[in-house]
Amino acid sequence: MSDEVPVGPPLGAAVSTAARAGRAGRNLPAAIGVGVGLAALVLVTLFTSKIAFAAVIAAAMGVGIWELVRAIRPVEARPPMIPLVVGGVGTIVITYTSGSEALLLGLLLTVVAVVVWRIPDGPVGFQRDVTAAVLVATYVPFLGGFAVLLETADDGVMRIIAFIATVACSDIGGYAAGVLAGRHPMAPTVSPKKSWEGMAGSLIACAIGGAAFLELGFDNGAWWEGVIYGLAIAVAATLGDLTESMIKRDLGVKDMSSLLPGHGGLMDRLDSLLFAAPVAYLLLTAFAPPT
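Residues numbered from 1 in each chain as written. Predicted model: local features only at pLDDT ≥ 70, side-chain atom pairs only at ≥ 80, totals over all residues. Heavy atoms only, no water.

Asker: I would appreciate a short explanation of the state of the cysteines in the present structure.
Answerer: Using the criterion set out here, one finds zero disulfides in the structure. Cysteine cysteine 169 remains unbridged, with the sulfur of cysteine 206 as its closest cysteine sulfur at 5.7 Å. Given the relative accessible area of 0%, cysteine 206 is considered buried. (Disulfide = S-S within 2.5 Å. Buried < 20%, exposed > 50% of the residue type's maximum accessible area, 1.4 Å probe, protein only.)

Quick look at the structure:
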């Protein structure tokens, strides 16, 4: 993303464009509207119906798979869309109904379905296509399934809030510290604007947020456990962001899709959450076991 305002149009048009696009070169009003809409959808379903929230996760996984498969295809890999989408959504469904063992089963069944679906197309590119499909199935519905496991606990609402809000702390802390003090790029060839100072901001913000959530949100949690939890979430969220950036650079795309005005694709919003979900599930289960 560039901070520069294009030169050429009349001054008034340039100012208007800059105001609408913001520093990131995106349509700021559209980005805010879409962000508010997504947040409202998550919060309304989370606080009203576990089934509805699980359905939102399943739909998000289906869209994420669709975006990633479409992004991969220009590099000549052909992971089969239908078994991936059906298997990914099915993985979320059986995880909701049957628990953690079903999550791994869903991944295995999806891979088997991909292999069976792909065999009739012949041997040319078979290994490439199946490998790409395994990446998609693992990256999107398998990691996303841990969010379902968080939700299905008796205090699932609190666990989801602690998960999503701590990832948000990572984003906010990293952005603030990066803008104010960012000097040393973390991975300039992958994400030029991500700095070590921003990473420090993410760690601090997540440590504070995690401590507050574990101390105040759970009867059997402790603040120092929350610090560990927050630090782990910051690392996982950052790795998720960098991983998706690496994939996009390898594929030669700026966004996974143009589905969400001002944001790019849904995967561009899920990248940090997907990597953080299993970390949140494992550490919250260890530090604040469901009663």
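From this point on, the discussion continues.
Asker: Which parts of the structure should I look at to understand the nonpolar core?
Answerer: Counting residues in each nonpolar core, the largest one holds 59 residues, and the members touching the most others are Met61, Leu68, Leu84, Tyr139, Phe163 and Tyr229. With 13 residues, helix H6 (residues 126-151) is the single largest residue contributor to this core. In this structure, tyrosine 139 is in contact with Leu68, Gly240, Glu244, Ile247, Met267, Asp271, Leu274 and Phe275, ignoring residues within four places of it in sequence. Ranked by size, the runner-up nonpolar core spans five residues in total, among them Met186, Ala187, Val190 and Met199. (Core = buried A, V, L, I, M, F, W, Y, C linked by side-chain atoms within 4.5 Å. Helix = DSSP H or I, 4+ residues; strand = E, 2+ residues; numbered from the N terminus. Contact = heavy atoms within 4.5 Å.)

Asker: Can you help me understand unusual backbone geometry in this one?
Answerer: Keep in mind that most residues, glycine aside, have a negative phi and that most peptide bonds are trans. Even without being a glycine, glutamate 76 presents a positive backbone phi close to 80°. Mapped onto the fold, glutamate 76 is located in the loop between helix H3 (50-72) and helix H4 (81-98).

Asker: Mind showing me how you'd approach the packing of helix H8 (residues 196-217) against helix H9 (residues 223-251) here?
Answerer: Each pair of packed helices can be described by the angle between their axes along with the distance between the axes. At a minimum axis separation of 6 Å, H8 and H9 run at an interaxial angle of 140°. The pairing of H8 with H9 is recorded here as oblique in orientation. Crossing handedness for the pair H8 and H9: right-handed. Every residue of H9 that contacts H8 at Met199, Ser202, Leu203, Cys206, Ala207, Gly210, Ala211, Leu214 and Glu215 is listed here: Trp223, Glu225, Gly226, Val227, Tyr229, Gly230, Leu231, Ala234, Val235 and Thr238. Taken together, the residues of the contact of H8 with H9 break down into twelve nonpolar, five polar and two charged. (Axes fitted to C-alpha atoms, helices over the stretch in contact; angles between N-to-C directions. Parallel < 35°, antiparallel > 145°, perpendicular 65-115°, else oblique. Left-handed = near helix turned anticlockwise from the far one by under 90°. Nonpolar A, V, L, I, M, F, W, Y, C, P; charged D, E, K, R; others polar.)

Asker: Just to check I follow, could you spell out the environment of glutamate 197 for this structure?
Answerer: Looking at where glutamate 197 falls in the secondary structure, it is placed in helix H8. Residue glutamate 197 is classed as buried on the basis of its relative accessible area of 19%. Along the sequence, glutamate 197 and leucine 104 sit 93 residues apart, while their C-alpha atoms lie 37 Å from each other. For glutamate 197, the residues in contact, after removing those within four places along its chain, are Ala177, Ala181, Gly182, Arg183 and His184. One polar contact links glutamate 197 to histidine 184, side chain to side chain, over a distance of 2.5 Å. (Polar contact = N/O pair within 3.5 Å; in protein donor to acceptor, adjacent residues only side chain to side chain.)

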